[in-house]
Amino acid sequence: MQTLNDLLGESKIFMNREVLSPHFTPKKLVFREKEINNIERAVAPSLKGERGRNLFIYGKTGTGKTSCVNYVIDEIKNIPNTRAKISYINCRIYNSRFKVLAKITSDHLPTYAKRGYGAVDLYERLRNWIEEDSKIFVAVLDEIDMVRDLDDLIYTLTRINSDIKAGGVSMIGISNRVSFKEDLDPRSLSTLYETELVFPPYYATELYAIIKDRANTGFKKGVISDDVLHYIAAHAAKEGGDARFSLKVLSKAGELTEDKNASSVTLKEAQEAAKVAEDDAVYDLIGTLPEHQKLVLYSIALLTQSGGTYKKLTDGVDTYLFSGEIYNRYNSICGSMKKESKSERWYRKYLSELEMQGLIAAFESGKGIRGHTKLVKLLVPARKTRDVLEKDIFGMLEEKNEEKEAN
Ligand SMILES: Nc1ncnc2c1ncn2[C@@H]1O[C@H](COP(=O)(O)OP(=O)(O)OP(=O)(O)O)[C@@H](O)[C@H]1O
Ligand SMILES: [Mg+2]
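Below you will find a few notes about this structure. Only a predicted model underlies this, so the values are computations on that prediction, with no experimental measurement involved. The written sequence of each chain sets the order in which its residues are numbered from 1. Throughout, the order in which chains and ligands are written sets their labels, letters from A for the former and numbers from 1 for the latter. Local features in this predicted model are restricted to residues whose pLDDT is 70 or higher, and side-chain atom pairs enter the listing and the counts only when it is 80 or higher, whereas totals over whole chains, interfaces and linings include all residues. Only hydrogens and water are set aside; all other atoms, that is, all heavy atoms of the structure, feed into the side-chain values.

1. Some words on the overall build of the protein chain
Here a strand is any run of E in DSSP of at least two residues, a helix any run of H or I of at least four, and the numbering for each starts at the N terminus. Of regular secondary structure, the protein chain possesses 15 helices and eight strands. Radius of gyration here uses only the C-alpha atoms, and the compact-globule reference equals 2.2 Å multiplied by the residue count raised to the power 0.38. For 407 residues, the compact-globule estimate of 2.2 N^0.38 gives 22 Å, and the protein chain sits close to it at 24 Å. Over its C-alpha atoms, taken along the principal directions, the protein chain stretches across nearly 70 × 60 × 40 Å. Burial status across the protein chain gives 47% buried among its 407 residues. Put simply, 73% of the contacts in the protein chain that link residues at least 6 apart link residues at least 24 apart. To be clear on the numbers: accessible area is Shrake-Rupley with a 1.4 Å probe, and residue cover counts the displayed protein chains and nothing else. When the accessible surface of the protein chain is split by element, carbon and sulfur atoms take 51% of a total near 20800 Å². Note on exposure labels: buried denotes an accessible area under 20% of the residue type's maximum, exposed denotes more than 50%, and partly exposed covers the range between, all computed with a 1.4 Å probe on protein chains only. Residue contacts are counted whenever heavy atoms from the two residues lie within 4.5 Å of one another.

Right under this line is the structure:
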């Protein structure tokens, strides 16, 4: 335990906490020269006043997509006298066509970005702004799969190109979810995927180099050994080659050591930290699910908590649910939210998505239990899942109302 004096004094563990944060982007991004070069190639035409090809970037979480794109955006911003204009849009926040258009307007036409304009006004204003001195506008849409009306957004942005006589728009879309393209209109798909760039997961040796570099400036000398760093890197490589995860484990291990008032990080703290980071990662993942998958998962969490209708199947340890009762609950939740529920065909797709993400397990029941049916088991803690989703779903409702007001 730390005394108040310890808490007020200088840390024995950390030299610079900030560089250990996964939000910190280092100046040099190692092992990503090729990817950075590919992004530069995609935006180079716009710097010469030509419309570049749209680029779609895909890769698992924590593989450096956002960092590399931001690196290139910074390079562009440092080029003087260019007609290329760029907006970085985090679609987790700006998750509709309207919000994206409003964000672009507020980036480049701040005086116009007052509340109350509708999508059509924003569109016209942006189109004129691009055309007036043949600007090339690059829209970077990070976490693009979060946009609710993505087909409309892609259509709107591409339409600018056929509407104007000079200048142009191109898009860079970023996502860590390949499956989202199944929901896109084939026309949007071919537009967005003009060129594709895949970020591979990091190897253990690469993760080691990344965290070693951060540990050197983040921790005091001698606080963390190479063995511990190798352990964290190997663990993160197994978890999917996610650099953000490895950094979370690293900084959490430091915090746990500090809490114990110990002077160096041992394997024990690293292991504890890995456990905490894994749990956090699950709830982050839940936050990124598409809306109806969230609602299905929410139904599963609620039913798991109440035990389900078929308590006989609950073996005292695990709760198994019938796929049909989940669908009924999902339907009634949609009903109470005044949302149209998706068909059973979609619902089955959602279940397999949730299964692929490791959030649920689904089994075919053998004969005997109401013919053939699917049994579903939640693999993550029900209570916490429910809490996380409730915050999310109620947040969703508030957004809808705001949008109504704005339109
Ligand atoms: N090549 C690298 N060199 C140094 N640090 C890196 C590198 N790649 C990633 N990181 C670190 O990992 C963090 C996460 O990376 P980033 O946010 O770019 O991942 P991402 O691919 O966008 O993930 P997500 O799909 O979850 O958005 C960065 O903030 C940075 O601190
Ligand atoms: Mg990202």
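Okay, back to it.
2. Focus: the side chain of threonine 304
Tracing the sequence through the fold places threonine 304 in helix α12 (residues 291-306). In this structure threonine 304 comes out as buried when scored by relative accessible area, which is 16%. N or O atoms closer than or at 3.5 Å make up a polar contact, with two conditions inside protein: a donor-capable atom paired with an acceptor-capable one, and, for residues adjacent in sequence, both atoms drawn from side chains. A polar contact is formed between the side chain of threonine 304 and the backbone oxygen of isoleucine 300, at a distance of 2.6 Å. Dropping the residues within four chain positions of it, threonine 304 is found in contact with Thr319, Leu321, Leu378 and Ala382.

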